[in-house]
Amino acid sequence: CLIALIYNNPYNPIFCLYFMKKIELAIFDYDGVIVDSFKTLHLAYGQICKELGGKYKSDINQFKKDYMASTNHLLFMEGLGITSDKHAQADVIYKREQTKLETPLFSGIEEVLTEISNSMSMIIVSSNHTSEIVNRLSKDNLLRLFDNILGNETDGTYFHKTRPIRAAIREFGLSSNSVVSVGDRTRDFFYAVEAGIPAENIILVDYGWGYDEQKIKSAGYCLETKVDSPIKILDALEEIRQK
């Protein structure tokens with residue numbers, strides 16, 4: 001009876017530990033979650049427009065508004081007057097400029113990633129170019145924390161994250177219930193849901209490029225977990241474990 005009382009008491013730490021959700025894989029977006037890259041993106045597009053004849057918007061707030069309203073970067077380039085036959089060239093210029101520019105890490109993210117890596121596997125799934133991600137993380141010795149980097153490997157193409165997320169979950173041999181996704185944009189939420197990750201396992205950060213919570217609600221989902229600083233990702237993970 002005493003044993004039954006211990007293990008069936010929901011306030012007992014042993015009970016809580018036994019019944020906590022086991023999270024084995026964290027899937028991170030890169031831009032807007034790990035690195036604060038919007039200013040460097042803005043500058044890179046300035047060079048793209050200069051070389052390819054696009055209509056550059058020097059006002060970063062207007063640029064951000066238009067960029068966030070676009071479904072993807074290829075359609076955004078179309079809006080700037082950079083036609084599809086120049087998209088591959090634009091991506092090459094983008095990679096070149098990103099290599100030149102120093103993209104800062106968000107304050108505190110290094111410590112957060114280090115702590116998370118001690119308890120679960122981590123990968124990055126990003127529409128940014130794999131080479132750019134690898135080069136940037138190597139500078140701060142953070143690449144070692146990740147089991148894989150799944151980024152865009154081609155120029156002038158759209159990178160849809162759902163497929164690589166599904167593939168990663170299969171490769172790790174996990175159920176989607178033991179996977180969390182950390183992003184910063186509306187489409188990051190939907191990519192994760194389409195890949196089978198439960199909505200309650202998705203974290204969106206408020207400090208990134210921005211998302212539209214109303215669109216998420218309109219699709220019939222509830223954004224249960226959002227954070228306003230990198231350090232709070234750790235608290236969010238604990239909340240998900242206890243759901």
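From a predicted model like this one, the values you see are computed outputs, not experimental measurements.

A. Geometry of empty space enclosed by the protein. For the coordinates displayed, the defined rule picks out 2 cavities of 30 Å³ or more. Estimated volume of the largest cavity: approximately 330 Å³. Forming the boundary of the largest cavity are 25 residues, of which Tyr 67, His 73, Ser 127, Asn 128 and Arg 187 lie nearest the centre. Breaking the lining of the largest cavity down by element, the ones donating at least two residues are helix 3 (38–52), helix 6 (87–100), strand 2 (121–129) and helix 10 (186–194). Tallying contributions element by element places strand 2 first for the lining of the largest cavity, with 4 residues. For the lining of the largest cavity, the class distribution of residues is 9 nonpolar, 8 polar and 8 charged. Taken together, Ile 27, Phe 28, Asp 29, Val 125, Lys 161, Ile 165, Ser 181, Val 182, Gly 183, Asp 188, Tyr 191 and Ala 192 make up the full set of residues lining the second largest cavity. Residue composition of the lining of the second largest cavity, by class: 7 nonpolar, 2 polar and 3 charged.

B. Expanded view of helix 12 (residues 232–241). Those residues of helix 12 lying buried are Ile 233, Leu 234, Ala 236, Leu 237, Ile 240 and Arg 241. Each buried residue of helix 12 lies within a common arc of 160° when the element is viewed along its axis, so the set occupies one face. Considering only its buried residues, helix 12 is in contact with helix 7 (109–117), strand 4 (179–183), strand 5 (202–205) and strand 6 (225–227).

C. Local environment of the packing of aromatic side chains. Within the structure shown, the criterion is met by 16 aromatic pairs. Both rings, one in Tyr 67 and one in Trp 209, keep their centres 5.7 Å apart while their planes meet at 80°; by these two values the pair is edge-to-face. You can see Tyr 67 sitting in helix 4 (residues 60–69) and its partner Trp 209 sitting in the loop between strand 5 and helix 11 (213–218), a full 142 residues away along the chain. Judged by its relative accessible area of 8%, Tyr 67 is buried. On the basis of an interplanar angle of 65° and a centroid distance of 5.8 Å, the ring pair of Phe 189 and Tyr 221 is categorised as edge-to-face. Here Tyr 221 lies in the loop between helix 11 and strand 6 and Phe 189 lies in helix 10, a separation of 32 residues in the sequence. The exposure class of Phe 189 is buried, given its relative accessible area of 0%. By relative accessible area, Tyr 221 is classed as partly exposed at 33%. Cluster of aromatic residues (ring-pair linked, three or more members): Phe 38, Tyr 45, Phe 63, Tyr 67, Phe 76, Tyr 94 and Trp 209. If you follow Lys 64 out to its NZ or CZ, it ends over the ring of Phe 38, 5.3 Å from the centre.

D. Structural view of the pattern of salt bridges. The full count for this structure, using the stated rule, is 15 salt bridges. One salt bridge connects Lys 243 with Glu 224, and the closest N-O pair in it is separated by 3.2 Å. Here the residue Lys 243 occupies a position in the segment after helix 12, and Glu 224 occupies one in the loop between helix 11 and strand 6, the gap between them amounting to 19 residues. Classification of Lys 243 by relative accessible area gives partly exposed; the value is 37%. Among the salt bridges present, the one from Asp 228 reaches Lys 232, with a minimum N-O distance of 3.1 Å. Through salt bridges with shared partners, a single ionic network connects Glu 51, Arg 96, Glu 97 and Lys 100.

What counts, and at which threshold
Residues numbered from 1 in each chain as written. Predicted model: local features only at pLDDT ≥ 70, side-chain atom pairs only at ≥ 80, totals over all residues. Heavy atoms only, no water. 1 Å grid on protein atoms, 1.4 Å probe; cavity = no way out; pocket = protein on both sides within 12 Å on 5 of 7 lines; lining within 4 Å. Points joined across faces, edges and corners; volume = space filled by probe spheres on them. Helix = DSSP H or I, 4+ residues; strand = E, 2+ residues; numbered from the N terminus. Nonpolar A, V, L, I, M, F, W, Y, C, P; charged D, E, K, R; others polar. Buried < 20%, exposed > 50% of the residue type's maximum accessible area, 1.4 Å probe, protein only. Arc of directions from axis to C-beta. Contact = heavy atoms within 4.5 Å. Phe/Tyr/Trp six-rings, centres within 6.5 Å; stacked < 30°, edge-to-face > 60°. Lys NZ or Arg CZ within 6 Å of the ring centre and 35° of its normal. Salt bridge = Lys/Arg side-chain N within 4 Å of Asp/Glu carboxyl O.

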